[in-house]
Amino acid sequence: QVQLVESGGGLVQAGGSLRLSCAASGLTFSSYDMGWFRQAPGKEREFVAAVKWSGGGTFYADSVKGRFTISRDNAKNTVYLQMNSLKPEDTAVYYCAGKSGTVVFIPRRGYDYWGQGTQVTVSS
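Residues numbered from 1 in each chain as written. Predicted model: local features only at pLDDT ≥ 70, side-chain atom pairs only at ≥ 80, totals over all residues. Heavy atoms only, no water.

**Student:** How would you sum up the pattern of salt bridges? Please name residues and give values.
**Tutor:** In this structure the tally under the stated criterion is 4 salt bridges. Taking the shortest distance from any N to any O, the salt bridge between Asp90 and Arg38 comes out at 3.0 Å. Remark: Arg38 occurs in strand β4 (residues 32–39) and Asp90 occurs in the loop between β8 (78–83) and β9 (92–100); sequence separation between them is 52 residues. Across the pair, Arg38 and Asp90 agree in class, each one buried. A salt bridge links Arg67 to Asp90; the shortest N-O distance between them is 2.7 Å. In this pair, Arg67 sits in the loop between β6 (58–60) and β7 (68–73) while Asp90 sits in the loop between β8 and β9, placing the two residues 23 residues apart along the sequence. Comparing Arg67 with Asp90, the two get one shared label, buried. (Salt bridge = Lys/Arg side-chain N within 4 Å of Asp/Glu carboxyl O. Helix = DSSP H or I, 4+ residues; strand = E, 2+ residues; numbered from the N terminus. Buried < 20%, exposed > 50% of the residue type's maximum accessible area, 1.4 Å probe, protein only.)

**Student:** Could you give an account of the state of the cysteines, naming the residues involved and the relevant values?
**Tutor:** Overall, the coordinates contain 1 disulfide when judged by the stated rule. The disulfide partner of Cys22 is Cys96, and the S-S distance across this bridge is 2.0 Å. Measuring handedness by torsion sign, the sulfur bridge of Cys22 and Cys96 sits at about -80° and is left-handed. Of this pair, Cys22 sits in strand β3 (residues 18–25) while Cys96 is found in strand β9, placing the two residues 74 residues apart along the sequence. Neither residue differs from the other here; Cys22 and Cys96 are each classed as buried. (Disulfide = S-S within 2.5 Å.)

**Student:** Residues and numbers for the nonpolar core, please.
**Tutor:** Core analysis: the biggest nonpolar cluster contains 34 residues, and Met34, Trp36, Val79, Leu81, Met83 and Tyr94 have the highest contact counts within it. When contributions to this core are tallied by element, the ones reaching two or more residues are β3, β4, β5 (46–51), β7, β8, β9 and β11 (118–123). Take this core: its biggest share by element is 5 residues, from β5. (Core = buried A, V, L, I, M, F, W, Y, C linked by side-chain atoms within 4.5 Å.)

**Student:** Got a sec to walk through the pairing of β4? Specific residues and values, please.
**Tutor:** With respect to burial, β4 is a largely interior element, 7 of its 8 residues being buried. Bridging between β4 and β9 involves 8 bridges; their strand directions are antiparallel. Looking at β9, one finds that Tyr32 is bridged to Ser100. One ladder, built from 5 bridges, connects β4 with β5; its direction is antiparallel. Bridging across to β5, Phe37 finds its partner in Phe47. Here β4 hands over to β5 after 6 residues, with Gly42 in that stretch at a positive phi of 75°. (Pairing = 2+ DSSP bridges.)

Encoded structure:
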């Protein structure tokens, strides 16, 4: 059974930092592309960041470039999202997602597995 479990969310003041973690099980983690998405109340789910199965490619939404960093530790079956310089508009439920990796990196689409989400709230 494939399972993705996010952790690390919470309440933080604007300008602060959080690191989200996503622990994966039931899949061959090292062969999966992994991504982060988020959804704010009343809004559609939006792409945040993705990392290729090899770790050699990353891609970010324009709204988080320069502030967020996605990384992975295949030995720990874990993907991370380091969030710095947080803004109130970053407030959302953050979801971890995974898909079987391919030679061509397609960061925004095609994810098969999803976590339950973790709440991030940024106060002003």
